[in-house]
Each structure stands twice: as structure tokens, then as C-alpha cells.
Amino acid sequence: MTGPVIAIDGPAGAGKSTVGRAVADRLGVGYLDTGAMYRAVTFAVLRRGVDPRDEEAVLGVAQTVEMTVGEERVMVDGVDATREIRGREVTSAVSSVAANPAVRSLLVDAQRSWVVTRGGGVVEGRDIGTVVFPDADLKLFVTASPRVRAERRVAEAGGDVDEMEASIIERDRLDSTRETSPLAVDPAAVTLDTSGLSIDEVVAAVVAEVEARSVGGGR
Ligand code: CDP
């Protein structure tokens, strides 16, 4: 491994993607959104008419789906799913798919290969610092109050703040209480509560953290 591995975890809508992309740009390394991988499998599950809670059938989909999760675009079985993976249907089914241990194991292998191939990178998700890359050079846990997270999502994508807040709280609950790789704060992670900060301030705080540790070889 030549470059740094930076793990960014945190609950739904905390601003991980914005922070992750900015840090990756700053360090000149790649960025992987692992949530988009779970969403892409969920999209294929729904498209094939499979019940997201049918563990065996969902694993079958994960094993056969052709997906490319790029920084700009997500392709699933030859279809551009970039927008649809963020939609309400996928969002309400994704926690079931992500609770499937065999699916997790497949995706975790793919995430590790991605980092090995690129020689490092910024990887974002729920279990990156705890399970996928326990030896990451820097682990961040990015969070914010459910209300603030809901307001940010609604500003981006529209909708009702109360409904969004309820959906975020429910997804956090499912993600934190599942048996396999639940959302949890790694003891070595730096926690960043972004509730009172603008995105620019969050990025500045993370970049300062990265530079203070000379992650990325002082690039
Ligand atoms: O963007 P948002 O915060 O809404 O969620 P996401 O990062 O796109 O992740 C969507 C869902 O995938 C989460 O609610 C988790 O159920 C699951 N996920 C996971 O289990 N492990 C990861 N490393 C990343 C996402």
C-alpha cells in the first residue's frame, strides 16, 4: 500500500460524502462511497422483483449484479442508477440489504480490492474504521443532530423535514442495532459533530486533522 487510507464513518446524512470528496481532492487520492454500493445492490434487488428481506435471493442478486460505483456515476446492470439509488424506494429498503452478512462480506472484499488497486484512498460508510480498514491512517466519525441532518437532506433533495427526520432516525436505529458490522464509533476515531458548522468549516476541520497527522505524506 503506497498512499494513505482514510476511513469516514457516520450516520445517515451527516455530510460524509461532501467531506470525503473534499479530502480526497485535497490529497489527490480516490474516493469510494460504500453506501452507494449497498444502494446499488438494493436497486438491483427491487428491479428484479426480489424481497429485500429474502437473504438467499438477495445474495443471489449481489453475486450476479454488474455494478460500477464511480465518483460521478453509478451503473447497475447496464442502467444509469445514479439518481434512483438515492430515491425513497431504495432508501427504505437499503437497511435490510445491508443487514445481510453474506452481502456485506462480498462488498467488503470489493472495497478492500478497490483500495489495494489504487494504493489507498478515502472510503466512506458505516463500518470502514471498525471492520473494513481497522488499520486506516485516519478514522473520522462524522455526525450531526438528526434535525440538522434532515434539514440538509431536504435542502439538497426536497421533501418534508419532519418526515425526513423520522426516516433518518429509523435508518440510524436499524444500522446501529443490526448484528453484523453495526454503525459504531471506533475508539481510535476522531469524532466531528458538524451540527453547528457549514460544509466549508467541516472540510477545513478535516483537512486540518489530516495535515496535523501528516496523513498523505505531507502532500
Ligand atoms: O448517504 P446516506 O448517509 O443516506 O447513506 P449511505 O451512506 O448512502 O448508506 C446507505 C445505507 O447503506 C445505510 O443506511 C446502511 O444501511 C448501508 N451501509 C452500510 O451498511 N455499510 C456501509 N459501509 C455503508 C452503507
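With respect to the side chain of Gln 111
With respect to the helices, strands and loops of the structure, Gln 111 is situated in helix H5 (residues 101-118). Here Gln 111 is in contact with Leu 32, Thr 34, Met 37, Tyr 38, Ile 128, Val 132 and Phe 133, once residues within four sequence places are set aside.

Comments concerning helix H8 (residues 161-177)
Counted at 1.5 Å a residue, the expected span for H8 with its 17 residues is 24 Å, and the 24 Å between its end C-alpha atoms agrees. Among the residues of H8, Glu 165, Ile 168, Arg 171, Asp 172 and Asp 175 are the ones counted as buried. Seen along its axis, H8 keeps its buried residues to an arc of 130 degrees; they face one direction. Elements in contact with the buried residues of H8: helix H2 (34-47), helix H4 (88-98) and helix H7 (146-157). Where H8 begins, the capping side chain belongs to Asp 160, and its oxygen is found 3.2 Å from the backbone nitrogen of Asp 162.

Points about the sheet that holds strand E5 (residues 79-80)
Read from one edge of the open sheet, three strands run E3-E4-E5, paired in antiparallel fashion. The open sheet is flanked by strand E3 (67-69) and E5, the only strands paired with a single partner.

Regarding the site of the ligand
In the vicinity of the ligand there are 21 residues, among which Arg 39, Arg 104, Arg 153, Arg 171 and Asp 175 approach most closely. Contact distances for the ligand include 2.7 Å between an oxygen atom and a side-chain N or O atom of Arg 104. Measuring from an oxygen atom of the ligand, one finds a side-chain N or O atom of Arg 153 at 2.8 Å. In isolation the ligand has 530 Å² of accessible area, and contact with the protein removes 99% of it. Looking at the shell around the ligand, the elements that each hand over two or more residues are H2, H4, strand E6 (121-125) and H8. The dominant element in the shell around the ligand, judged by the number of residues it contributes, is H2, at four residues. Along the lines of polarity and charge, the residues of the shell around the ligand split into five nonpolar, five polar and 11 charged. Two domains each donate at least three residues to the shell around the ligand, and these are domain 1 (1-30 + 121-219) and domain 2 (33-119).

About the thresholds
Residues numbered from 1 in each chain as written. Predicted model: local features only at pLDDT ≥ 70, side-chain atom pairs only at ≥ 80, totals over all residues. Heavy atoms only, no water. Helix = DSSP H or I, 4+ residues; strand = E, 2+ residues; numbered from the N terminus. Contact = heavy atoms within 4.5 Å. Expected span 1.5 Å × (residues − 1). Buried < 20%, exposed > 50% of the residue type's maximum accessible area, 1.4 Å probe, protein only. Arc of directions from axis to C-beta. Polar contact = N/O pair within 3.5 Å; in protein donor to acceptor, adjacent residues only side chain to side chain. Pairing = 2+ DSSP bridges. Near = heavy atom within 4 Å. Areas by Shrake-Rupley, 256 points an atom, 1.4 Å probe, with all protein chains shown as cover. Nonpolar A, V, L, I, M, F, W, Y, C, P; charged D, E, K, R; others polar. Domains from an automatic or database assignment.

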